[in-house]
Amino acid sequence: MRPSIELYLSTLKEIIDKKLVELLPNSPEPISKLQESMRYSILAGGKRLRPILCIFASEAVGGSVDKALPIACAIEMIHTYSLIHDDLPSMDDDLLRRGIPTNHSVFGEALAILAGDALLTDAFSLIGNEGISNGLAPKVVVEIIRDISKAAGSQGMVSGQALDLAIEGKEVSLEFIERVHSLKTGALIVASVTSGARVGGASEDQLLQLKCYAKYLGLAFQIIDDVLDIEGGAEIGKTIGADARKNKATYPLLVGVERARKVALELTEKAVLELRDFDERAEPLRELAFYLGGRKY
Ligand code: GRG
């Protein structure tokens, strides 16, 4: 019998956290401030959604957890870099992340920028090194690097962030908000799924279907995130109400919380429908989609 999704998620989270500790630079005493700052944000927790998606996608096409794990950890490093930089005074200027003070409020702005830079760069070196030593074909490693770099860079997350900053305080359409979301949050979620699928040896058809699953899921995830910014409790681990204070156009602020939740559910259903050709090995991906729709943090 398969464990419940909650149990499976917490088991995987433990495995990912252990591997991250192992993979992060940790020179003998005294640990450099840079390394301390990198470890601070990575080990502060987080849901590990992207690495979990990477592993689940790999499993959905018959791959193993072990092979996907280093790639999954590299994606979490990239995600953590984006959070550190997003919190900087020149960006969202936040004081709380993952339930603790933001990186720059503890280590200072310069070190926070450098910790983010190092996490991003080290992630790609990790994919190259661990991918090959873990038995992935060089072609697959290159495809994974291509997917992830495209999702993280100027055609993905970074441009989403630039657009997000540019529209602060401006009136924008729902379509435009969706565009920003798909770049800022969606692209890395899609790349988490496609890279996991590539590790597991997915066919082109499977890749396409998983990509559609991830696109719908990413948008639903972001809408719920914006709802939580309005209604969330202390468990959310960051400053509540920040979007409204910054006059940021978000889905629920434009259409209301109730409608936003409904749209998120519809998107979740569409995501799951994309998995219709997959067998029971895709069950964790299906269950995760509904689990995220009901999340409280
Ligand atoms: C600075 C290049 C650059 C990009 C920043 C991801 C991002 C882009 C900013 C984060 C801002 C934000 C609150 C986005 C909303 C959705 C989101 C990505 C939330 C954070 O991801 P979670 O909920 O966080 O997976 P944890 O801490 O659980 O990993």
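Refer to the structure printed above.
The structure presented is a predicted model; accordingly, all values stated were derived computationally and were not measured. (Residues numbered from 1 in each chain as written. Predicted model: local features only at pLDDT ≥ 70, side-chain atom pairs only at ≥ 80, totals over all residues. Heavy atoms only, no water.)

> Please give an account of the overall build of the protein chain that cites residues and values.
For the protein chain, the count of helices and strands is 14 helices and two strands. Whereas a compact globule of 297 residues would reach a radius of gyration of roughly 19 Å, the protein chain reaches 18 Å, a difference of no more than 12%. Seen through its C-alpha atoms, the protein chain measures out along the principal axes to roughly 50 × 50 × 35 Å. By residue count, 53% of the 297 residues in the protein chain fall in the buried class. Look at the contacts in the protein chain between residues 6 or more apart in sequence, and 73% of them connect residues 24 or more apart. In the structure as shown, the protein chain presents an accessible area of about 13300 Å², 57% of it carried by carbon and sulfur atoms. Across the protein chain, the 34 positively charged side chains and the 42 negatively charged ones have centroids separated by 2 Å. (Helix = DSSP H or I, 4+ residues; strand = E, 2+ residues; numbered from the N terminus. Rg over C-alpha atoms; globule rule 2.2 N^0.38 Å. Buried < 20%, exposed > 50% of the residue type's maximum accessible area, 1.4 Å probe, protein only. Contact = heavy atoms within 4.5 Å. Areas by Shrake-Rupley, 256 points an atom, 1.4 Å probe, with all protein chains shown as cover. Lys, Arg positive; Asp, Glu negative; His and termini not counted. Charge placed at Lys NZ, Arg CZ, Asp CG, Glu CD.)

> Tell me about the site of the ligand, residues and numbers included.
Close to the ligand lie 19 residues, the nearest being K47, R50, H79, D86 and R98. A distance of 2.6 Å is found between an oxygen atom of the ligand and a side-chain nitrogen or oxygen belonging to K47. At a separation of 2.8 Å, an oxygen atom of the ligand approaches a polar side-chain atom of R98. Alone, the ligand offers 690 Å² of accessible surface; in the complex the protein occludes 92% of this. Elements supplying a minimum of two residues to the shell around the ligand: α4 (65-86), α8 (157-166), α9 (174-199) and α10 (204-231). For the shell around the ligand, the element with the highest residue contribution is α4, accounting for six residues. When the residues that make up the shell around the ligand are grouped by side-chain class, the tally is five nonpolar, seven polar and seven charged. (Near = heavy atom within 4 Å. Polar contact = N/O pair within 3.5 Å; in protein donor to acceptor, adjacent residues only side chain to side chain. Nonpolar A, V, L, I, M, F, W, Y, C, P; charged D, E, K, R; others polar.)

> Explain the packing of helix α6 (residues 109-133) against helix α7 (residues 138-152) to me, using residue names and the numbers behind them.
Interhelical geometry of α6 versus α7 gives an angle of 160 degrees and a closest axis separation of 10 Å. As the angle between them shows, α6 and α7 are arranged roughly antiparallel. Crossing handedness for the pair α6 and α7: right-handed. Where α6 abuts α7, its residues F124, I127, G128, G131 and I132 lie against P138, V141, I144, I145, I148 and S149. Split into classes, the residues belonging to the contact of α6 with α7 amount to eight nonpolar, three polar and no charged. (Axes fitted to C-alpha atoms, helices over the stretch in contact; angles between N-to-C directions. Parallel < 35°, antiparallel > 145°, perpendicular 65-115°, else oblique. Left-handed = near helix turned anticlockwise from the far one by under 90°.)

> Summarise helix α13 (residues 257-273); cite the residues concerned and give the values.
Counted at 1.5 Å a residue, the expected span for α13 with its 17 residues is 24 Å, and the 24 Å between its end C-alpha atoms agrees. When α13 is considered as a whole, its buried residues turn out to be A260, V263, A264, L267, T268, A271 and V272. Taken together, the buried residues of α13 touch α10, α12 (251-255) and α14 (283-293). (Expected span 1.5 Å × (residues − 1).)

> Which residues make up the state of the cysteines, and what values do they have?
Applying the stated criterion to the full structure yields zero disulfides. Left without a disulfide partner, C54 is nearest to the cysteine sulfur of C73, which lies 9.1 Å away. A residue is classified by how much of its surface remains accessible, and C54, at 0% relative accessible area, is buried. Judged by relative accessible area, which is 0%, C73 ranks as buried. (Disulfide = S-S within 2.5 Å.)

> How would you explain the side chain of E274 if you had to name every residue and give the values?
With respect to the helices and strands, the residue E274 is situated in the loop between α13 and α14. Although buried, E274 forms no salt bridge, and the nearest oppositely charged side chain, R276, lies 4.9 Å from it. Among residues more than four places away in sequence, those in contact with E274 are Q209, C212, Y213 and Y216. (Salt bridge = Lys/Arg side-chain N within 4 Å of Asp/Glu carboxyl O.)

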